[in-house]
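Secondary and tertiary structure notes
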Amino acid sequence: MTDTSRIINWDKVFANSETFKNNKPFPFGFVEDVFYPDFYEALYRTFPKEDDTWEFSSNISRSSRRKLFGKDTKTKASDSIDSTMSDEWNLFHHYLFSKDFITNMSKYTGIPLTALDHFIFINNHKGDFNIPHAHHIGVPEGKYAYKLSVLMYFAKGWKKGDTGGTYVSRTDEDESDIIFEPTNLDNSMISFKETPISFHGSRPMMSDIVRHSIQFTML
């Protein structure tokens, strides 16, 4: 498969554009049905299985399992082929570097984006969490490491009310400051502009469903 026109449903993404740009106290957005169904099913079906290539991340601030793609590093994505991944995952990873994807994400967010920065697979299991935090506290805008953070979800069977979706919040104090928390993690995307107050996190998961997701950042 080489056709990239049936990967992301940009009509769905652009319909959320004004909401993203106008949300307070920092720009963020949530999009459902972000992938076309056939492509989503292929990504879901071939989402990488956990093995010894996954890293278990656990400290006082978060817990999860993470895996890199191909020649990617923890801090930098590389436009390369990963022979252990499906054709669809290789196509999608390559598409993230394309002019089409970068132009459309710039249009959606209103942020002048130029490149993919970082990419990683993430699995969250029952009990996993991420305390609220921001990436650029006290950093001037011109010196941000990246401009945009994005998470895309592949969690079938997620029920309304299940905890564990990445939320955005006003502060890093506690859950009472949550502004928005997604309840549909099956073919959906949350993204936010990087600012010193772009606080986000995830409450401990209480269900046995694995939260399959990817996270990437853009310059």
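These remarks concern the structure in this document. Everything quoted here is computed from the prediction, not taken from an experiment. (Residues numbered from 1 in each chain as written. Predicted model: local features only at pLDDT ≥ 70, side-chain atom pairs only at ≥ 80, totals over all residues. Heavy atoms only, no water.)

Once that is clear, we can look at the sheet that holds strand S8 (residues 178–180). With respect to topology, 4 strands assemble into an open sheet ordered S5-S10-S7-S8, the strand pairing being antiparallel. Of all the strands in the sheet, just strand S5 (130–133) and S8 have a single pairing partner and so form its edges. In this sheet, neighbouring strand axes are inclined to one another by 35 degrees on average, regardless of whether the strands run parallel or antiparallel. (Pairing = 2+ DSSP bridges. Helix = DSSP H or I, 4+ residues; strand = E, 2+ residues; numbered from the N terminus. Axes fitted to C-alpha atoms, helices over the stretch in contact; angles between N-to-C directions.)

Quick look at the layout of surface pockets now. Considered as a void within the structure, the largest pocket measures approximately 510 Å³ in volume. As for the largest pocket, its lining consists of 26 residues, and the residues nearest its centre are Arg62, Arg66, His118, Ile122 and Gln215. For the lining of the largest pocket, the elements supplying multiple residues, two or more each, are strand S3 (63–67), strand S4 (116–124), S5, strand S10 (199–202) and strand S11 (211–218). Class assignment for the residues of the lining of the largest pocket results in 6 nonpolar, 14 polar and 6 charged. Approximately 170 Å³ is the volume attributed to the second largest pocket. Lining the second largest pocket are Lys21, Pro27, Thr109, Gly110, Ile111, Pro112, Glu141, Tyr144, Tyr146, Lys147, Lys193 and Glu194. (1 Å grid on protein atoms, 1.4 Å probe; cavity = no way out; pocket = protein on both sides within 12 Å on 5 of 7 lines; lining within 4 Å. Points joined across faces, edges and corners; volume = space filled by probe spheres on them. Nonpolar A, V, L, I, M, F, W, Y, C, P; charged D, E, K, R; others polar.)

Residues Ile8, Phe35, Trp89 and Phe92 are the most contacted members of the largest nonpolar core, which totals 38 residues. Within the residue set of this core, elements represented by two or more residues are helix H1 (10–14), helix H3 (37–45), helix H4 (87–95), helix H5 (99–109), S4, strand S6 (148–154) and S11. Excluding residues that lie within four positions of it along the chain, Phe35 makes contacts with Ile7, Ile8, Asn9, Tyr40, Leu43, Phe92, Met152, Phe154 and Asn187. The next biggest cluster of nonpolar side chains, apart from the first, holds 12 residues, and it includes Phe26, Phe30, Ala155 and Met205. (Core = buried A, V, L, I, M, F, W, Y, C linked by side-chain atoms within 4.5 Å. Buried < 20%, exposed > 50% of the residue type's maximum accessible area, 1.4 Å probe, protein only. Contact = heavy atoms within 4.5 Å.)

Once that is clear, we can look at H5. Every buried residue of H5 is accounted for by Phe101, Ile102, Asn104, Met105, Ser106, Tyr108 and Thr109. The positive-phi residue at the C-terminal boundary of H5 is Gly110, with phi of around 75 degrees.

This next bit is on the environment of Ser202. Along the chain, Ser202 turns up in strand S10. Taking the C-alpha atoms as reference points, Ser202 and Ile60, 142 residues apart in sequence, are found 14 Å from one another. Sequence-distant contacts of Ser202, that is, excluding residues within four places in its chain, are made with Asn124, Phe129, Asn130, Gly164, Gly165, Thr166, Tyr167 and Arg211.

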